[in-house]
Amino acid sequence: MKTLKLVLILIFTTVIIVFALQNIDSMTIHFLNWELTLPVFASVIAIYIFGAITGGLLFSVLKKISKNKEDE
């Protein structure tokens, strides 16, 4: 099982590195009065991480709400 996890981590890391190397062009992000210029890969990774955090928080809130309804 440890070998499978290691292989999956290596494959995932390789895919991320290839993606990053192929998407080094810059893009500008505008939000309210802020303007930020980042490489495309950094923007995609930041959005992915933000989405994972948001999804995790939403899941925990829904789980807590569900647990509170069961206790009533």
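Draft legend 1. Seen up close, a nonpolar patch on the surface. A surface patch of nonpolar side chains, amounting to about 700 Å² of accessible area, comprises Phe 12, Ile 16, Ile 45, Tyr 48, Ile 49, Ile 53 and Leu 57. Looking at the nonpolar patch, the elements that each hand over two or more residues are α1 (2–22) and α2 (40–71). Broken down by element, the residue count for the nonpolar patch peaks at 5 residues, all from α2. Secondary-structure assignment places Ile 49 in helix α2. A relative accessible area of 45% means that Ile 49 is categorised as partly exposed.

Draft legend 2. View of the side chain of Ser 43. Assignment of secondary structure puts Ser 43 in helix α2. Apart from residues lying up to four places away in sequence, Ser 43 is in contact with Met 27, Ile 29 and Leu 38.

Draft legend 3. Just the pairing of strand β2 (residues 34–39), in detail. Here 6 bridges tie strand β1 (residues 26–31) to β2, and the two strands are oriented antiparallel to one another. Each bridged residue has a counterpart across the sheet, and for Ile 29 the counterpart in β2 is Leu 36. Connecting β1 to the antiparallel partner β2 that follows it, the hairpin turn spans 2 residues, and Leu 32 within it adopts a positive phi of roughly 55°.

Conventions and cut-offs
- Residues numbered from 1 in each chain as written.
- Predicted model: local features only at pLDDT ≥ 70, side-chain atom pairs only at ≥ 80, totals over all residues.
- Heavy atoms only, no water.
- Patch = residues over 30% accessible without salt bridge, like charges linked within 9 Å, V, L, I, M, F, W, Y side chains within 5 Å.
- Areas by Shrake-Rupley, 256 points an atom, 1.4 Å probe, with all protein chains shown as cover.
- Salt bridge = Lys/Arg side-chain N within 4 Å of Asp/Glu carboxyl O.
- Helix = DSSP H or I, 4+ residues; strand = E, 2+ residues; numbered from the N terminus.
- Buried < 20%, exposed > 50% of the residue type's maximum accessible area, 1.4 Å probe, protein only.
- Contact = heavy atoms within 4.5 Å.
- Pairing = 2+ DSSP bridges.

Read these as spatial facts, not as claims about activity.
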